[in-house]
Amino acid sequence: MQKRNTQSRRRSIVELVNDQQEVTVDELTTMFNTSEVTIRKDLTALESNGLLLRKYGGAIALPTGSSELAGPEVSKRKQAIAKAAAALIKDHNRIVIDSGSTTSAVLSHAQHVRGLVVMSNSLEVANHILELENEPTLLMTGGTWDAQSHSFQGQLAESMLKAYNFDQAFLGASGLDVTRGSTTFNELTNLSRVMAEVSQQVIVLAESEKLDRKIPNLELSWQDIDVLVTDTDIDAESERLITAQNVLVIKTN
(Lines give C-alpha, C1' and ligand atoms only; values in the text may rest on other atoms or scores of the structure.)
Protein backbone atom coordinates (compact mmCIF):
# COMPACT_ATOMS: atom_id res chain seq x y z
CA MET A 1 0.00 0.00 0.00
CA GLN A 2 2.83 2.38 0.91
CA LYS A 3 4.48 1.84 -2.49
CA ARG A 4 1.20 2.49 -4.34
CA ASN A 5 0.66 5.65 -2.30
CA THR A 6 4.15 6.86 -3.19
CA GLN A 7 3.67 6.16 -6.89
CA SER A 8 0.29 7.88 -6.90
CA ARG A 9 1.66 10.94 -5.10
CA ARG A 10 4.59 11.22 -7.50
CA ARG A 11 2.33 10.97 -10.54
CA SER A 12 0.22 13.77 -9.06
CA ILE A 13 3.32 15.89 -8.46
CA VAL A 14 4.39 15.51 -12.09
CA GLU A 15 0.93 16.50 -13.30
CA LEU A 16 0.91 19.51 -10.98
CA VAL A 17 4.35 20.67 -12.09
CA ASN A 18 3.41 20.35 -15.76
CA ASP A 19 0.19 22.32 -15.16
CA GLN A 20 1.67 25.09 -13.01
CA GLN A 21 5.25 25.01 -14.38
CA GLU A 22 6.56 25.45 -10.84
CA VAL A 23 5.78 24.09 -7.35
CA THR A 24 7.26 24.57 -3.90
CA VAL A 25 8.05 22.00 -1.24
CA ASP A 26 5.82 23.88 1.20
CA GLU A 27 2.72 23.68 -0.99
CA LEU A 28 3.32 20.01 -1.82
CA THR A 29 3.77 19.20 1.87
CA THR A 30 0.42 20.80 2.65
CA MET A 31 -1.34 19.32 -0.36
CA PHE A 32 -0.29 15.73 0.33
CA ASN A 33 -0.24 16.02 4.12
CA THR A 34 3.27 14.62 4.41
CA SER A 35 6.71 15.75 5.55
CA GLU A 36 9.22 17.95 3.75
CA VAL A 37 11.68 15.04 3.82
CA THR A 38 9.21 12.83 1.92
CA ILE A 39 8.48 15.53 -0.67
CA ARG A 40 12.19 16.20 -1.22
CA LYS A 41 12.75 12.47 -1.77
CA ASP A 42 9.88 12.49 -4.28
CA LEU A 43 11.37 15.42 -6.19
CA THR A 44 14.81 13.81 -6.19
CA ALA A 45 13.42 10.55 -7.58
CA LEU A 46 11.34 12.34 -10.21
CA GLU A 47 14.30 14.42 -11.36
CA SER A 48 16.52 11.34 -11.67
CA ASN A 49 13.81 9.84 -13.91
CA GLY A 50 13.80 12.93 -16.10
CA LEU A 51 10.30 14.08 -15.13
CA LEU A 52 11.05 17.51 -13.66
CA LEU A 53 13.91 19.77 -12.56
CA ARG A 54 14.78 20.51 -8.96
CA LYS A 55 15.29 24.09 -7.84
CA TYR A 56 15.86 25.67 -4.46
CA GLY A 57 12.69 25.17 -2.41
CA GLY A 58 10.79 23.18 -5.03
CA ALA A 59 10.75 22.08 -8.66
CA ILE A 60 10.00 23.32 -12.17
CA ALA A 61 8.73 21.66 -15.33
CA LEU A 62 11.13 20.41 -17.98
CA PRO A 63 11.43 22.36 -21.22
CA THR A 64 8.72 21.28 -23.66
CA GLY A 65 9.41 17.89 -25.18
CA SER A 66 12.26 16.94 -22.84
CA SER A 67 10.37 14.72 -20.40
CA GLU A 68 11.03 10.99 -20.28
CA LEU A 69 7.27 10.64 -20.70
CA ALA A 70 7.81 11.60 -24.32
CA GLY A 71 8.66 7.92 -24.70
CA PRO A 72 10.48 6.05 -27.47
CA GLU A 73 11.92 9.11 -29.23
CA VAL A 74 13.84 10.23 -26.15
CA SER A 75 14.99 6.70 -25.42
CA LYS A 76 16.11 6.26 -29.03
CA ARG A 77 18.12 9.48 -28.86
CA LYS A 78 19.88 8.44 -25.68
CA GLN A 79 20.68 5.04 -27.20
CA ALA A 80 22.14 6.76 -30.27
CA ILE A 81 24.37 8.93 -28.07
CA ALA A 82 25.47 5.87 -26.08
CA LYS A 83 26.26 3.99 -29.29
CA ALA A 84 28.37 6.86 -30.65
CA ALA A 85 30.27 7.04 -27.37
CA ALA A 86 30.82 3.27 -27.34
CA ALA A 87 32.46 3.53 -30.77
CA LEU A 88 35.34 5.35 -29.05
CA ILE A 89 36.22 2.31 -26.93
CA LYS A 90 39.09 0.10 -28.10
CA ASP A 91 40.05 -3.45 -27.17
CA HIS A 92 41.71 -3.76 -23.74
CA ASN A 93 40.74 -0.25 -22.68
CA ARG A 94 40.31 0.50 -19.01
CA ILE A 95 37.24 2.68 -18.61
CA VAL A 96 35.21 4.25 -15.82
CA ILE A 97 31.47 4.81 -16.20
CA ASP A 98 29.46 7.17 -14.00
CA SER A 99 25.84 6.50 -13.05
CA GLY A 100 23.08 7.70 -15.38
CA SER A 101 20.62 6.35 -17.93
CA THR A 102 22.68 7.32 -20.99
CA THR A 103 26.07 6.29 -19.60
CA SER A 104 24.65 2.95 -18.45
CA ALA A 105 23.61 2.21 -22.03
CA VAL A 106 27.18 2.52 -23.35
CA LEU A 107 28.19 -1.05 -22.55
CA SER A 108 25.32 -2.61 -24.48
CA HIS A 109 26.89 -1.07 -27.61
CA ALA A 110 30.41 -2.25 -26.74
CA GLN A 111 29.89 -6.00 -26.89
CA HIS A 112 32.47 -6.26 -29.68
CA VAL A 113 35.22 -4.88 -27.44
CA ARG A 114 37.57 -7.47 -25.98
CA GLY A 115 39.62 -7.37 -22.79
CA LEU A 116 37.62 -4.49 -21.37
CA VAL A 117 38.11 -3.41 -17.75
CA VAL A 118 35.25 -1.35 -16.33
CA MET A 119 34.97 0.48 -13.04
CA SER A 120 31.70 2.10 -11.98
CA ASN A 121 29.84 3.49 -9.01
CA SER A 122 26.52 2.32 -10.51
CA LEU A 123 24.70 -0.94 -9.76
CA GLU A 124 22.87 -0.53 -13.07
CA VAL A 125 26.18 -0.61 -14.93
CA ALA A 126 27.18 -3.71 -12.96
CA ASN A 127 23.95 -5.44 -13.93
CA HIS A 128 24.55 -4.59 -17.61
CA ILE A 129 28.01 -6.16 -17.44
CA LEU A 130 26.59 -9.43 -16.17
CA GLU A 131 24.55 -9.70 -19.38
CA LEU A 132 27.46 -9.14 -21.80
CA GLU A 133 28.99 -11.99 -23.75
CA ASN A 134 32.41 -10.35 -23.98
CA GLU A 135 32.67 -10.57 -20.16
CA PRO A 136 34.45 -7.33 -19.18
CA THR A 137 36.30 -7.27 -15.89
CA LEU A 138 34.17 -5.35 -13.41
CA LEU A 139 35.49 -3.15 -10.61
CA MET A 140 33.14 -1.32 -8.23
CA THR A 141 34.07 1.84 -6.39
CA GLY A 142 32.21 0.99 -3.21
CA GLY A 143 31.43 3.92 -0.94
CA THR A 144 28.27 5.45 0.50
CA TRP A 145 24.99 4.95 -1.35
CA ASP A 146 23.48 8.25 -2.51
CA ALA A 147 19.73 8.06 -3.12
CA GLN A 148 19.71 11.22 -5.23
CA SER A 149 22.16 10.02 -7.88
CA HIS A 150 21.43 6.29 -7.37
CA SER A 151 25.15 5.63 -7.08
CA PHE A 152 27.99 5.15 -4.63
CA GLN A 153 29.75 8.35 -3.55
CA GLY A 154 32.12 9.56 -0.86
CA GLN A 155 35.75 9.31 0.17
CA LEU A 156 35.95 5.52 -0.05
CA ALA A 157 34.77 5.62 -3.68
CA GLU A 158 37.24 8.42 -4.44
CA SER A 159 40.13 6.49 -2.87
CA MET A 160 39.26 3.41 -4.91
CA LEU A 161 39.30 5.43 -8.13
CA LYS A 162 42.64 7.06 -7.30
CA ALA A 163 44.24 3.63 -7.01
CA TYR A 164 43.79 3.14 -10.78
CA ASN A 165 44.28 4.99 -14.04
CA PHE A 166 41.90 4.74 -16.97
CA ASP A 167 41.94 5.27 -20.69
CA GLN A 168 38.47 6.83 -20.74
CA ALA A 169 35.77 8.19 -18.45
CA PHE A 170 32.14 8.24 -19.60
CA LEU A 171 30.14 10.82 -17.68
CA GLY A 172 26.61 12.17 -17.93
CA ALA A 173 25.33 15.67 -17.18
CA SER A 174 22.11 17.15 -15.83
CA GLY A 175 22.80 20.29 -17.82
CA LEU A 176 25.29 21.95 -20.18
CA ASP A 177 26.54 25.51 -19.98
CA VAL A 178 28.33 26.70 -23.13
CA THR A 179 30.71 28.91 -21.14
CA ARG A 180 31.25 26.81 -18.00
CA GLY A 181 30.87 23.10 -18.75
CA SER A 182 28.65 20.29 -17.47
CA THR A 183 26.31 21.12 -14.59
CA THR A 184 24.26 19.25 -12.01
CA PHE A 185 21.70 19.77 -9.26
CA ASN A 186 23.49 17.20 -7.12
CA GLU A 187 26.03 18.85 -4.86
CA LEU A 188 28.02 15.59 -4.66
CA THR A 189 30.18 16.38 -7.69
CA ASN A 190 33.61 15.39 -6.43
CA LEU A 191 33.49 11.76 -7.57
CA SER A 192 32.85 12.79 -11.18
CA ARG A 193 35.83 15.13 -10.93
CA VAL A 194 38.01 12.32 -9.61
CA MET A 195 36.84 10.10 -12.49
CA ALA A 196 38.00 12.82 -14.87
CA GLU A 197 41.32 13.30 -13.08
CA VAL A 198 42.30 9.62 -13.32
CA SER A 199 41.32 9.25 -17.01
CA GLN A 200 43.27 10.15 -20.12
CA GLN A 201 40.13 11.00 -22.09
CA VAL A 202 36.92 12.44 -20.60
CA ILE A 203 33.72 11.89 -22.59
CA VAL A 204 30.46 13.58 -21.60
CA LEU A 205 27.17 12.18 -22.94
CA ALA A 206 24.25 14.61 -23.00
CA GLU A 207 21.26 15.47 -25.14
CA SER A 208 21.34 18.93 -26.71
CA GLU A 209 18.17 19.95 -24.84
CA LYS A 210 20.28 20.07 -21.67
CA LEU A 211 21.69 23.36 -22.94
CA ASP A 212 18.30 24.84 -21.98
CA ARG A 213 18.65 23.86 -18.33
CA LYS A 214 19.90 26.57 -15.98
CA ILE A 215 21.55 24.57 -13.22
CA PRO A 216 23.72 26.08 -10.48
CA ASN A 217 26.41 23.49 -9.70
CA LEU A 218 29.38 23.16 -12.05
CA GLU A 219 30.45 19.52 -12.37
CA LEU A 220 33.27 19.66 -14.94
CA SER A 221 34.65 22.67 -16.78
CA TRP A 222 35.17 22.39 -20.53
CA GLN A 223 38.91 22.38 -19.82
CA ASP A 224 38.39 19.00 -18.13
CA ILE A 225 36.31 17.53 -20.98
CA ASP A 226 37.76 16.10 -24.20
CA VAL A 227 34.63 14.95 -26.04
CA LEU A 228 30.94 15.86 -25.93
CA VAL A 229 28.63 13.29 -27.51
CA THR A 230 25.23 14.85 -28.22
CA ASP A 231 22.56 14.97 -30.93
CA THR A 232 22.18 16.93 -34.15
CA ASP A 233 19.71 19.36 -32.58
CA ILE A 234 22.54 21.26 -30.92
CA ASP A 235 22.49 24.79 -32.32
CA ALA A 236 25.44 26.01 -34.37
CA GLU A 237 26.44 28.79 -31.96
CA SER A 238 26.53 26.47 -28.95
CA GLU A 239 28.59 23.96 -30.91
CA ARG A 240 30.98 26.72 -31.97
CA LEU A 241 31.45 27.98 -28.41
CA ILE A 242 32.06 24.50 -27.04
CA THR A 243 34.42 23.52 -29.85
CA ALA A 244 36.37 26.74 -29.29
CA GLN A 245 37.27 25.37 -25.86
CA ASN A 246 39.12 22.42 -27.42
CA VAL A 247 36.24 19.98 -27.02
CA LEU A 248 35.44 17.54 -29.82
CA VAL A 249 31.68 17.59 -30.44
CA ILE A 250 30.26 14.36 -31.85
CA LYS A 251 26.65 14.63 -33.09
CA THR A 252 24.32 11.73 -33.70
CA ASN A 253 20.72 11.43 -34.87
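See the structure above.
Residues numbered from 1 in each chain as written. Predicted model: local features only at pLDDT ≥ 70, side-chain atom pairs only at ≥ 80, totals over all residues. Heavy atoms only, no water.

Some thoughts on the nonpolar core
What counts here: What is meant by a nonpolar core is a set of buried Ala, Val, Leu, Ile, Met, Phe, Trp, Tyr and Cys residues, joined one to another through side-chain atoms within 4.5 Å. Only protein chains enter the calculation, and the probe is 1.4 Å; a residue is then buried if its accessible area is under 20% of its type maximum, exposed if over 50%, and partly exposed in between. The secondary structure listing takes helices from DSSP runs of H or I that are at least 4 residues long and strands from runs of E that are at least 2 residues long, numbered from the N terminus. In this analysis, two residues are considered to be in contact whenever any of their non-hydrogen atoms come within 4.5 Å of each other.
If you look at the biggest cluster of nonpolar residues, it comprises 29 residues, and the most contacted ones within it are Val96, Leu161, Leu176, Trp222, Leu228 and Ile242. Where this core is concerned, the elements lending two or more residues are β5 (117-120), α7 (155-162), β9 (166-171), α8 (190-197) and β12 (199-205). When residues of this core are assigned to their parent elements, the largest contribution, four residues, is made by α8. Look past the residues within four positions of leucine 161 in its chain and what remains in contact with it is Val96, Met119, Thr141, Phe166, Leu191, Val194, Met195 and Val198.

Some remarks on helix α2 (residues 25-32)
Quick note on the threshold: This arc corresponds to the set of directions leading from the helix axis out to the C-beta atoms.
Taken together, the buried positions of α2 are occupied by Val25, Leu28 and Thr29. Viewed along the axis of α2, the buried residues span an arc of 105°, placing them on a single side of the element. More than 90 degrees from the buried face of α2, the exposed residues found are Asp26 and Thr30. Two residues or fewer after α2 comes asparagine 33, characterised by a positive phi angle close to 50°.

Describing the sheet that holds β9
Which entries qualify depends on this criterion: Here, any two strands with at least 2 DSSP bridges between them count as paired. A fitted line through C-alpha atoms serves as each axis, taken over the contacting stretch for helices, and the angle formed by two N-to-C directions is quoted from 0 to 180°.
Read from one edge to the other, the open sheet built from seven strands follows the order β6-β5-β4-β9-β12-β14-β15, with strand pairing classed as parallel. Strands at the two margins of the open sheet, each flanked by one partner only, are β6 (137-140) and β15 (248-252). Pairs of neighbouring strands in the sheet enclose a mean axial angle of 20°, with direction left out of account. Most of the contacts of α8 go to β12, to which it runs at about 130°, and overall it touches β4 (94-97), β9 and β12.

As for the pairing of β5
The alternating pattern of β5 places Val117 and Met119 on one face and Val118 and Ser120 on the opposite face, and all of these are buried. Of the pairings in the sheet, the one linking β4 to β5 comprises four bridges and is parallel in character. By the bridge assignment, isoleucine 97 is partnered in β5 with serine 120. Relative to β6, β5 runs parallel, the two sharing four bridges. In the sheet register, methionine 119 faces β6, and the bridge partner there is leucine 139.

Looking at the pattern of salt bridges
Applied cut-off: One side-chain nitrogen of Lys or Arg within 4 Å of one carboxyl oxygen of Asp or Glu is enough to make a salt bridge.
Inspection of the entire model under this criterion finds nine salt bridges. As a salt-bridge pair, aspartate 42 and arginine 9 come within 2.5 Å of each other at their nearest N and O atoms. Placement of the pair is aspartate 42 in helix α3 (residues 36-48) and arginine 9 in helix α1 (residues 2-20), with a sequence separation of 33 residues. For the pair formed by aspartate 42 and arginine 9, the shared burial category is buried. The partner of arginine 77 in a salt bridge is aspartate 233, with the nearest N and O atoms 2.8 Å apart. One end of the pair, arginine 77, is in helix α4 (residues 72-86); the other, aspartate 233, is in the loop between β14 (227-231) and α9 (236-243), with 156 residues separating them in the sequence. Through salt bridges with shared partners, one network takes in Arg9, Arg10 and Asp42.

Re the packing of aromatic side chains
Short version of the rule: When two rings of Phe, Tyr or Trp (its six-membered ring) have centres within 6.5 Å they constitute a pair, described as stacked for plane angles under 30 degrees, edge-to-face for angles over 60, and tilted for the intermediate range.
Scanning all chains against the criterion turns up two aromatic pairs. Ring geometry for tryptophan 145 versus phenylalanine 152: centroids 5.1 Å apart, planes at 75°, classification edge-to-face. Judged by relative accessible area, tryptophan 145 falls into the partly exposed class, the value being 41%.

Structural notes on the sheet that holds strand β11 (residues 181-184)
One open sheet accounts for three strands, arranged β10-β11-β13; its pairing is antiparallel. With partners counted over all chains shown, the strands left at the sheet margins are β10 (175-177) and β13 (217-221), one partner each. Neighbouring strand axes in the sheet, compared pairwise and without regard to direction, differ in orientation by 35° on average. Examined bridge by bridge, β11 and β13 share four bridges and lie antiparallel to one another. Looking across to β13, one finds that threonine 184 is bridged to asparagine 217.

A few points about α7
When we look at burial in α7, the residues that qualify are Ala157, Glu158 and Leu161. The arc that holds the buried residues of α7, viewed along the axis, is 100°, so those residues lie on one side. α7 presents Gln155 and Leu156 as exposed residues on the side facing more than 90 degrees away from its buried surface. Considering only its buried residues, α7 is in contact with β4, β5, β8 (151-153), β9 and α8.

Notes on unusual backbone geometry
With a phi close to 75°, glutamine 21 is a non-glycine residue in the positive phi region. Residue glutamine 21 is classed as partly exposed on the basis of its relative accessible area of 45%. Even without being glycine, asparagine 246 reaches a positive phi, approximately 65°. Here asparagine 246 lies in the loop between α9 and β15.

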